[in-house]
Every structure is written in C-alpha cells, then in structure tokens.
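Survey of secondary and tertiary structure
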Amino acid sequence: MLRKNELLEIKELLEEMNREILKNLDERIKSNDMSDQREIGDIFDDADLEQSREFNLLLTTRERQKLDQIESALAKIEKGEYGYCEDCDESIPVGRLKAMPFATLCVKCKSERESMEGTPSAYVEEKG
Ligand SMILES: [Zn+2]
C-alpha cells in the first residue's frame, strides 16, 4: 500500500517522464526546421494534449505508447487505484513502482505474461 508522499513522488516521476518526451519532441521539431509550425509552448499549455492531431503525428509509436501509459497511471492515481496489479490485484511493491512508475503488473504476473508472449490471445483470455 502506497503512502501519500510515495504517491506524490511517483506522480512527479510520471510528470517528469511526460516532460522528457515533450522536450525530445520539441528538439526534434526544432532540428527539423519546423519552427513555423505550432509553437511547442502552445502544446505544453494545451489541456487536451492527446487530442491535438498534429502533436500525435510528430510522436513515434513508442513515445505515444509511453505517453498513454503515463496518462493511465496518472488517471489511476487520481482515482486511488494506482499501485495494484491488473492481473492478481496484489499491491505492487513501491520499489518497483519507483523504478517503473507506469507498471500495471506485479513482477510475477509480468513475467508470466512475458512467458506467454506469442501465444494466441484466446489462451490469454482463458487464463484471465
Ligand atoms: Zn500480479
């Protein structure tokens, strides 16, 4: 079970990761001489970040996935659901969460899923 200060720490980590991705994006825009496009400052200030189509187009798939993970972790924090394994509902150790703030599975379930990688999804659904 996470203490409030631990939760805040993780929230900051997530927000920092978010900023890091946006910063990389900013640098990419500048290096691509797209400076006459929308200013990155506007994107930062945009509350509906993910709804900005041009913003999404500039992201790599990996970055978008990461932003999605960060976003859903932040949403879970808001709802007080953060820190529990999606598969077994056990609480995820705080050390793991600090190392991987958007982890949604405990180590055990994560390695189980990884060992199942490549198996048909029907099998996975049956297990769940
Ligand atoms: Zn688990």
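From a predicted model like this one, the values you see are computed outputs, not experimental measurements. (Residues numbered from 1 in each chain as written. Predicted model: local features only at pLDDT ≥ 70, side-chain atom pairs only at ≥ 80, totals over all residues.)

Before going further, it helps to spend a moment on the overall build of the protein chain. Within the protein chain, the regular secondary structure consists of seven helices and zero strands. In the protein chain, the succession of helices and strands from N to C terminus is α-α-α-α-α-α-α. Burial statistics for the protein chain: of 128 residues in total, 11% are counted as buried. Of the contacts formed within the protein chain by residues at least 6 apart in sequence, a portion of 47% connects residues at least 24 apart. (Helix = DSSP H or I, 4+ residues; strand = E, 2+ residues; numbered from the N terminus. Buried ≥ 20, exposed ≤ 12 C-beta atoms within 10 Å, placed from the backbone. Contact = placed C-beta atoms within 7 Å.)

Attention now moves to the environment of R3. Structurally, R3 can be placed in the segment before helix 1 (4-31). For R3, a count of 9 C-beta atoms within 10 Å puts it in the exposed group. For the pair R3 and V94, spaced 91 residues apart in the sequence, the C-alpha separation amounts to 9.3 Å.

Turning next to helix 4 (residues 61-79). Over its 19 residues, helix 4 extends 27 Å from the first C-alpha to the last, a length consistent with the 27 Å expected when each residue adds 1.5 Å. Phi turns positive, to about 75°, at G80, one or two residues after helix 4. (Expected span 1.5 Å × (residues − 1).)

Attention now goes to the nonpolar core. Listed in full, the five residues of the largest apolar core are I10, I92, L97, L105 and C106. With sequence-adjacent residues up to four places away left out, I10 is seen in contact with L97, K98 and P101. (Core = buried A, V, L, I, M, F, W, Y, C linked by C-beta atoms within 7 Å.)

The next point concerns the packing of helix 1 against helix 4. Axis separation between helix 1 and helix 4 bottoms out at 10 Å; the angle between their running directions is 155°. Classified by the angle between their axes, helix 1 and helix 4 sit roughly antiparallel to one another. Between helix 1 and helix 4 lies a crossing whose hand is left-handed. Counted together, L7, K11, L14, M17, N18 and I21 of helix 1 and E63, K66, L67, I70, A73, L74 and I77 of helix 4 form the full contact between these two elements. Within the contact of helix 1 with helix 4, the residues separate by chemical class into nine nonpolar, one polar and three charged. (Axes fitted to C-alpha atoms, helices over the stretch in contact; angles between N-to-C directions. Parallel < 35°, antiparallel > 145°, perpendicular 65-115°, else oblique. Left-handed = near helix turned anticlockwise from the far one by under 90°. Nonpolar A, V, L, I, M, F, W, Y, C, P; charged D, E, K, R; others polar.)

Now for the confidence of the model for the protein chain. Chain-level pLDDT for the protein chain is 81 on average; 73% of the residues reach the 70-or-more range. Helix 4 holds the highest mean pLDDT among the elements of the protein chain, 94, whereas helix 7 (residues 121-127) holds the lowest, 47. (pLDDT = per-residue confidence, 0-100.)

If you trace the backbone, I70 turns up in helix 4. When the 19 C-beta atoms within 10 Å are taken as the criterion, I70 is described as partly exposed. Distance in space between the C-alpha atoms of I70 and A103 is 9.4 Å, their sequence separation being 33 residues. Those residues within four positions of I70 in sequence are excluded, and the remaining contacts are L14, M17, N18 and F102.

Within the secondary structure layout, E86 lies in the loop between helix 4 and helix 5 (94-99). Separated by 18 residues in the primary sequence, E86 and T104 have C-alpha atoms spaced 5.8 Å apart. Setting aside chain neighbours within four positions, we find E86 in contact with T104 and L105.

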